[in-house]
Each structure stands twice: as structure tokens, then as C-alpha cells.
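Summary of structural features
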Amino acid sequence: MARLKLATVWLGGCSGCHMSFLDLDEWLIDLAQLADIVFTPIMDRKVYPENVDAVLVEGAIANEDHFEFIQDVRERSKLLISFGDCAVTGNVTAFRNPLGSALPVLERSYLELPDLDPHLPVEPGIVPRLLERVVPVHAVVKVDAYLPGCPPPPDRIRLALETLVAGKPLELHGKDIKFG
Amino acid sequence: MSVTTLTIDGKLISASQDETILDAARGAGIQIPTLCYVDGLSAHGGCRLCLVEIGGSSRLQPACFMKVAEGMVVQTDTEKLREYRKMIVELLFAEGNHVCSICVANGNCELQTQAMDVGMDHERLDYTYPQRQVDLSHERFGIDHNRCILCTRCVRACDELEGAHTWDVAGRGSNSKVVTDLNQPWGDSPTCTSCGKCFMACPTGAIFKQGATVAEMDHHRAKLEFLVNAREKKQWHV
Amino acid sequence: MELSDLHDIAARERANRPPVEIRCCSAAGCVSSNSPAVLEELRGAVQSAGLQDRVKVAAVGCMRLCCQGPLVQTVPDGALYQKVTPESAPSIIAGLQGGQVTAERCDAAAPFFTQQASVVLENSGKIEPERIEAYIAVEGYHALHHVLREMTPAEVIQTITRSGLRGRGGAGYPTGVKWATVAKNPGERKYVVCNADEGDPGAFMNRSVLESDPHRVLEGMAIAGYAVGASQGYIYCRGEYPLAIERLQKAIKQANQRGLLGTDIFASPFDFRIDIRIGAGAFVCGEETALMASIMGGRGTPTPRPPYPAEKGLWEMPTLLNNVETFANVAAIIRRGPEWFAGIGTERSKGTKVFCLTGKVVNTGLVEVPLGTPLRRIVEDIGGGAPDGGTIKAVQTGGPSGGCIPAEFLDTPVDYESLAKLGSIMGSGGMIVMDQTTNMVDVARYFMEFCMDESCGKCVPCRAGTVQLHRLLSRILAAEAGPEDMQRLEALCQMVRDTSLCGLGQTAPNPTLSTIHYFRAEYEALLQKAGPGQRRRLPLVAATDNSR
């Protein structure tokens, strides 16, 4: 049987989901026997590869880079799994949405609070522009399965990965879909 | 009080005539999901989670309101009802600003539990991200309207158990909100007795104890139950 | 007060009537197009021509052709004038003395008038609504006298049952059955409530009746009170109808003064008092349980039924709730007999119905026709069809609870069952005509917005579901939706319909469902226009463009 080509992606989130993933500790060694991790923020690879079997996407779509990148991820992956509450619901990343746009947050952070040289960061091509509204991943591309939690606890991640490695459809129930 | 016989989910059960379908089902060990209903408070019929199918009627009826009747055939868990309940919970998540991970009630929230029970692993509808306020003017409690699901449990607990009727609902439709007195800051309320029954009744983290942080809050719902039993049945079991 | 007193009043009224009467509409439609000034000018012209003894200027109720108001009619010759202005009004008086009339003539023999019936509106536009004598002169309160003196409550209910009258608020529940249920349910007190919280967009039937012939409604309520054993009545009228409320107040005061309401009516042991309750602007208060909550001083939100008001209504007592138009039929049925009434209409829908014809149609206004009249006769013969050579595309009936009937079904008879079969409802009588320029998705969105704004917020599906439905419809209309949005729209419509607490939510999806049913192609075209992937182009404008 061909080894699963697995990727993880980090968008608008705190990386807590990835920390929880790393909390799988020695099971990660077992995972390395079962799957090839072809792309992840914890390895140094710049371009998302083709023909990924499954990808866990952490974080909401919060800026233009996320928006562009997730299209590539979607195109090049067979199964896309929203990984953690930010990807699934927008969660904390979407906290600014009730304010109506991204501007109040930028103004608070870059104009009101700094002691020196308050200005909004504008570096086209370097600093991605924020989206007016943060949206969950499935609002932008088709999502095949959901792995909620903030972060999803390691055993829940393990259950999901074992299901994927076994080639079974991923659908979680009960306490395994608890938000928060 | 005469006794009637009815069928709930294929199970033949007897119930006294003045019981609701919800009472009768619970008596027979059949769980019907509820959110706005609280034992000891009047039924509200707003959350629609307890809707059941009644044989011979095309209209779904709230189990918390509908009285049993002889020969009634009730279905509480059909595919249609499951799908509708899931949509109700999704509607609730979409209309407020519910962020479980940073909520005082995380792990102790009935909305969160309902989401698990109905199998909601993501939101299929648009989040509306309403702009809502937080009132921290009361010295012991606070209300975060972002987390309010308008179940009116606080309104009924305050009116029916405490007798103060500090809480009520103002506005309409998606602009509805619970208010203290005449929409004054809670801390300025001359009628609030600070008894905390609203806090005990609240199913989410909307009404909370000041100083409680994420996932730290317990509503002490048992205390409310104790009060109801003491008042109605003259039982003081702690 | 005795029957002979009624006859005396009627005789005096007739004896004092001058040979010529100039009737000027004083209902809200014409008032808004300046009829009070017209009335003033007419009176002034009569004075200055010295015709006071020969000509009477009467402020009457609605003459139906609202789009051409203010309307003025001279009696007995029946000449009708439209769009009368304060400038052209005096010429009508001059015309009585052979002068030239510059006021615009309106053809009183046009199909708009001749094809109509007159039961509910029999006095509308003919008598002065603010004078009880005018009502008594047309046999007003005679039916109440007859009922109190000659009939038992059971006989009254039988008469109403035999007439086949059905509720005119929209649902068409048999009125006799409802009365009998209230009469039979035990209770130390009972109540009669008139629902005048008319609020559908484009509907003003009840307002016209209340402004044109208020005593008719009071008499119907008193008869109902006698039949069911109630001595207290309430009229719940929406606050947006100040003129109707004013006329009702006057009418109640006059009836009280004459002993036609109050205690020992017609020297019988029957007492009946009527009070007005004024709504504060919530559409949902037209729903009976919400209406009763509001009358009792509470927040106007509905409660699940059963129990029905007939069993436990106001203050937990048996309560009869009928619409204005239902009550407006009662006195006529008593006066002319149930067989006469049952002879009008169809097998299952008896009598007449008042409709408000509005929208893309030449003649807009009030239309009363026998039930079972083909829709085509209403919108084409009476209504005159679409203006400016347009073609009728659909007719919306039943307001935000109803549906759109496409033009191919124009030959459908307008009765409760036929409209229900087409996925619409009779409703309270709003009838909005749409022509080829109307976008049906926009129509659906309009009505959804109405329901969203008017939802009371008590139950989740109506409060939050209408918001989501409105978003979906807006997205489809903006050509930003995909097929999955369409599926979601339909699923959510079913859900809101099946799970909402009261009629508002349960019927809120109807305009959407009916436009999807008959005009799916318009939805498909918008989805097509969006194209695949359109939905992925979300509102992704970057905020930092606004840098400074």
C-alpha cells in the first residue's frame, strides 16, 4: 500500500493546533512509519506540492495570502480537513468581524497604541493585506471533513489521522466534535 | 387525575392527563433535547428543539407545551427532526458571536453540548457577526449579549422564582435582547436582588459571575433545581 | 331604546335629507390626496350659491377607486368625479345650476364598478361614517334588535353556520363553528375580540371598512357577544390607522349614548361593552395569541396552540376572535337571512370578499366580489389589466404569508381551496399585480425582508431563519450564489415553515417557495449568471487600502 502523503498548513491561527499535533509525542514516530509528511510549517519547504492525499488546515482565512494559498492547497490535495476551530468556525481570528472591518483593529494596534512612529503597515508584496472579514475555510474552498477544537486535543488528532491512514471517511461524532 | 396511555418512540407508556409529552417521555427514560425549557419554570416554546412528530398531524408540536392524549403516537427522533434540530443549533451559532474557546462556560454550556449532540461539526450557514454589548455594571454578575440565545430562562427565573421580574425582552426579531428593568445598566437596577438565579438558569456563558475566566464557570444548576423542589414539593434534599 | 326609536331616527334622517347630496370620500386614501380641502370647497360653494336647503355635502367613506381619488359623487344623478381638486370642486356645485363642470368625470358605468358586489361595502361611500343616524337609516342596529328580541344565542349561531361564512382574516375557518365552540366552552366570563391589526403590505380592506362604516363592525361584534355569551368586546386596531381609530371611538361613543352598546341593550338583559386597544406597530400582533397577549398588557409575542383562544383566551377565558370583515358580514346575514348569503359564492366559499387591488394594474383600490370570481375578472375586467400595454405576469395574494399565482392560472376562481391548491392563500385580501418587469426573486426577497423585520424574535427558526433566508435570497439576486446556496434556501424554507412557533414564521417561506415553484427559471438564470466559483469571490476587500 502506498504511504499516505500528508500535509499540514498554517493560516490565520495561533499555531496551537500544530502544538497540539506535536503533543502526540512518540506517536509521531509511529506516524512517520505510516505517512510521508510532505508539507508543514515545521519543515522548510516553500512550495505546496502536488498530489497530496490529505491536508490538515489550521487557521481561518484572514488575509489575501491565505485566500490565494488555500486555492492551491485545495487544487493539489485530495482531502482537505479543517483543523481546529479557527479553520472550522473562524473562532478567535474572526473576533474582529463584529467590528465591521479590519480597520478598527489595525488602528488600535498601529495608530493608538504604539509609542513611536504610529502608522499602518503598508508593504505591498511583503505584508499581506487583511481581509475585511475573516471567514472559515469552507467559506472559500470545499472542505471534506472537520476536526474542531481549540486546539483539537492530541487524541482527537490521532483518531483523525488513523482514520485517514486507514483510508476510511473521516466523520467525527459526540465529544470529538466539541468546539472550544 | 385520570391516566392516559400513549406511544412514544414505539414504547407504550402511561402518563397522567395533565402531563406534557416532555414529562411523559422523561418519565419513561426517553430524552428529548431542550434548550429554553427548565424544570420548575413555565414553558416558553421558543427554542423548538423539543419539537416532536404526532401521528395523524402534519404539524410538529413542542413537547414542553403539548399535553399527552389517549392513544397519541409520538415520534421524538426521526431523521427529519434530527436534521431540523441540527439546523436550529446552527441558526443559534450563526446569529450570535459564540467563541467556545474563550468563553467562561466552555465545557459547561448547553449550546455547546447541543452542538455535539446534533452532530454539528461546522456551520453551514453564514455567521452574521452582530454587534452586541457587554454589561459589567453589576458588582457580582455580568452579561455578554454576544453569547445570549434569547431562551428567556433568566426572565422566567427572575419573574417566577425570585419574583423580581428585573429581566425582560426588548426589541424584536434579530434585534431582540434581554434587558434589566427599563433597559438600564444592570448595576443601576433598583429591582435586582442580586440573587443570582438568572446566572444559575443561563444555559450559556451569557450571564456569568464576575471574575470567572475561560471554562471556569459552573452555573450551579442544581441549586435552581433545589429551589424548585423546595418550593413545589416541599423537599429539602441537598 | 326600542325598535320604534330606531324607526323614528331613520324616518327623521330621511325627512331631513335634501334633494341633492354631494358625497365626498373622507377615507384615508382620499384624505391623503387632499379630500378635506375638496370637502371644504364644496361646502363653501354650496353656501355661496345659497343652496344649503337643497344640497347637502356629505363626508362619506371609500368609493373604491382609490387611484383616482379624491372621488366625489352627486346623488341622485350618480355623476362621479375623480381627482377632484379644491380648484375644480366648486364647479361641481356650479354644475347643479347649469354651470360648466371642470372636475374630471369618472365613468360610474365602467366594469370596475358594475362588476363588483356590495355586501360588506354596501354602505361604504354612501353613508356618513361619523353619524350613527346615517347607519340607523340604512337599517343599522335592526339586526341587533332582532337578535336580542327574537332569537336565542343558539339560533344566532345556527344562522351564522347555515350562512357558510368563513373567517375573513385569511385562514377561512368556519365562523359558525368558532362561535359555537366559544359558546360551549365553560368560563365565568367570555370575550369577543375584533382583529383590526391589518398589516400585510398592500392591504387596507379593514381600514376602509372601519373608516367607512364603523357601526357595522360594532353591531356584528354585539351580535357575536350575544351569541357566545360575552359582555366585553375589544377591537385591536393597529396604531398606524389613526383615522379608523378616531371613527371607531366616535362610533362607540354614539352607540353608548344611544344605548346600543352598554348595559340592558334594547331593554334586554344583554350587556355589551366595546373597548379599543391600539397596537404599537408590531405586525405579529395580528396573530391571535400575540394579539391577546398585547391586549392583556404583555409583550406581543405568540404562544403555542393548543390551547386555542376559544378555550383559553383573554385572561384564560373563552375568547372569540374574528377579523373586521367577518364581523362586517354578520348584521347583513341576520337581516337578509343565511340562505341569501349562502346563495352568493361557491359551494364551499360563501359570500363576498373585499380585496385591495394594487401593483401593476390600471385600477387600484377596493374591490368586493362574490367568492369564486375568476382572478382574471378581478385583475383584467375590474382592474383593467396591466398599465402601459404591459402584460400581467403574476398576482400575489395573501401578502407575506401568501404566494404568487402566475398568469397562466388567471382563470382560477378565487376561493379558499382553489388558492390553496395553487400554493397561495386567500389571506386577508391583499392582491398585488405584477407585470413583465417584475423580478420574482426580488419579490421573494422583499417579503422575506418584511417577515425578518416583523419577526417577534421568540422562536429560533423565525428569528434567525428569516435572517439567513434573506441573506441567501440577496446573494442569489446579486448573482453571487451557487447551486449549493439554492439547495440551502429550499431546505431552510422547509425548516422554517415546519418548526416556527406561529403563523408568521410558518408562512414566511411561502412567497419564496411559490416563486421557486412557478419561476424557478429566474432563480436558475441568476445562478447561471454567477457561474461556477462565483461564491468563492467573497467580500475580500483589503482594509489597509485605506491607509493614511
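Quantities reported herein were computed from a predicted structural model and do not represent experimental measurements.

What follows deals with the overall build of chain C. Within chain C, the regular secondary structure consists of 22 helices and 14 strands. For a compact globule of 548 residues, the expected C-alpha radius of gyration is about 24 Å, and chain C comes in at 25 Å, within 12% of that figure. In terms of principal-axis extent, the alpha carbons of chain C reach across some 80 × 65 × 55 Å. For chain C, with 548 residues in total, the buried portion stands at 56%. Put simply, 74% of the contacts in chain C that link residues at least 6 apart link residues at least 24 apart.

Bringing the overall build of chain A into the picture now. Per the secondary structure count, chain A includes six helices and seven strands. The order of helices and strands in chain A, counted from the N terminus, is β-α-α-β-β-β-α-β-α-α-β-β-α. Over its C-alpha trace chain A gives a radius of gyration of 17 Å, about what one expects of a compact globule, namely 16 Å for 180 residues. Counting across all 180 residues of chain A, residues that qualify as buried make up 41%. Counted over contacts in chain A with a minimum sequence separation of 6, partners at least 24 positions apart contribute 82%.

A word on the sheet that holds strand 14 (residues 430-435) of chain C. Residues and elements named next belong to chain C. Taken in spatial order, the five strands make up an open sheet running 11-10-14-12-13, and their pairing is mixed. The two strands at the open ends of the sheet, each matched to only one other strand, are strand 11 (365-370) and strand 13 (403-406). If you compare each strand with its neighbour and ignore which way they point, the axes differ by 30° on average. Relative to strand 11, strand 10 (residues 352-359) is paired through six bridges, and the arrangement is antiparallel. Within the sheet, the bridge partner assigned to Lys353 lies in strand 11 and is Val369.

With that out of the way, let us pick up the nonpolar core. Core analysis: the biggest nonpolar cluster contains 247 residues, and Cys154 of chain B together with Leu42, Trp179, Ile223, Ala224, Leu320 and Ile378 of chain C have the highest contact counts within it. In this structure, Val52, Phe67, Ala102 and Leu130 of chain A belong to the second largest nonpolar core, which totals 43 residues.

It is worth spelling out the interface of chain B and chain C at this point. Taken together, the 25 residues of chain B in the interface contact 24 residues of chain C. Looking at which element gives the most residues to the side of chain B that touches chain C, the answer is helix 2 (residues 79-95) of chain B, with seven residues. A per-class count over the side of chain B that touches chain C returns 14 nonpolar, six polar and five charged.

All names here are of chain B. Pairing of strand 1 (residues 3-8) with strand 2 (residues 11-16) involves six bridges; the strand directions are antiparallel. Across the sheet, residue Thr7 finds its bridge partner in strand 2, namely Leu12. Connecting the antiparallel pair strand 1 and strand 2 is a turn made up of two residues, with Asp9 showing a positive phi of about 50°.

Residue and element names in this part refer to chain C. Direction vectors running N to C along helix 10 (residues 205-212) and helix 14 (residues 324-336) enclose 45°, while the axes themselves pass 9 Å from each other. In terms of axis orientation, helix 10 runs oblique to helix 14. Seen from helix 10, the contacting residues are Met205, Asn206, Val209 and Leu210; seen from helix 14, they are Val324, Glu325 and Ala328. Grouping the amino acids of the contact of helix 10 with helix 14 by side-chain chemistry returns five nonpolar, one polar and one charged.

Here the focus is the sheet that holds strand 7 (residues 141-144) of chain B. The strands making up a sheet are joined through hydrogen bonds of the backbone, oriented either antiparallel or parallel. Residues and elements named next belong to chain B. Spatially, the three strands line up as an open sheet ordered 6-7-10, and their pairing is antiparallel. Strand pairing shows two members of the sheet lacking a second neighbour, strand 6 (134-135) and strand 10 (207-209), which therefore form its edges. The pairing of strand 7 with strand 10 spans three bridges and is classified as antiparallel. Note that in strand 10 the partner of Phe141 across the bridge is Lys209.

All names here are of chain A. Helix length check: helix 3 (residues 64-76), at 13 residues, gives a terminal C-alpha distance of 19 Å against a target of 18 Å (1.5 Å per residue), a fit within 8%. Taken as a whole, helix 3 has its buried residues at His66, Phe67, Ile70 and Val73. Down the axis of helix 3, the sector holding all buried residues measures 125°, keeping them to one side. Away from the buried face of helix 3 by more than 90 degrees, exposed residues Glu68 and Glu75 are located. Those residues of helix 3 hidden inside the fold are in contact with strand 1 (4-10), strand 3 (52-58), strand 4 (61-63), strand 5 (77-83) and strand 6 (130-135).

On to the packing of helix 19 (residues 460-477) of chain C against helix 22 (residues 510-530) of chain C, then. Residues and elements named next belong to chain C. Relative orientation of the contacting elements helix 19 and helix 22 amounts to 40°, with a least axis distance of 10 Å. Between helix 19 and helix 22, the interaxial angle falls into the category oblique. Each of Leu469, Leu473, Ile476 and Leu477 in helix 19 lies in contact with helix 22, whose residues at this interface are Thr512, Tyr523, Leu526 and Leu527. Residue composition of the contact of helix 19 with helix 22, by class: seven nonpolar, one polar and no charged.

Cut-off values and rules
- Residues numbered from 1 in each chain as written.
- Chains lettered and ligands numbered in written order.
- Predicted model: local features only at pLDDT ≥ 70, side-chain atom pairs only at ≥ 80, totals over all residues.
- Helix = DSSP H or I, 4+ residues; strand = E, 2+ residues; numbered from the N terminus.
- Rg over C-alpha atoms; globule rule 2.2 N^0.38 Å.
- Buried ≥ 20, exposed ≤ 12 C-beta atoms within 10 Å, placed from the backbone.
- Contact = placed C-beta atoms within 7 Å.
- Pairing = 2+ DSSP bridges.
- Axes fitted to C-alpha atoms, helices over the stretch in contact; angles between N-to-C directions.
- Core = buried A, V, L, I, M, F, W, Y, C linked by C-beta atoms within 7 Å.
- Nonpolar A, V, L, I, M, F, W, Y, C, P; charged D, E, K, R; others polar.
- Parallel < 35°, antiparallel > 145°, perpendicular 65-115°, else oblique.
- Expected span 1.5 Å × (residues − 1).
- Arc of directions from axis to C-beta.

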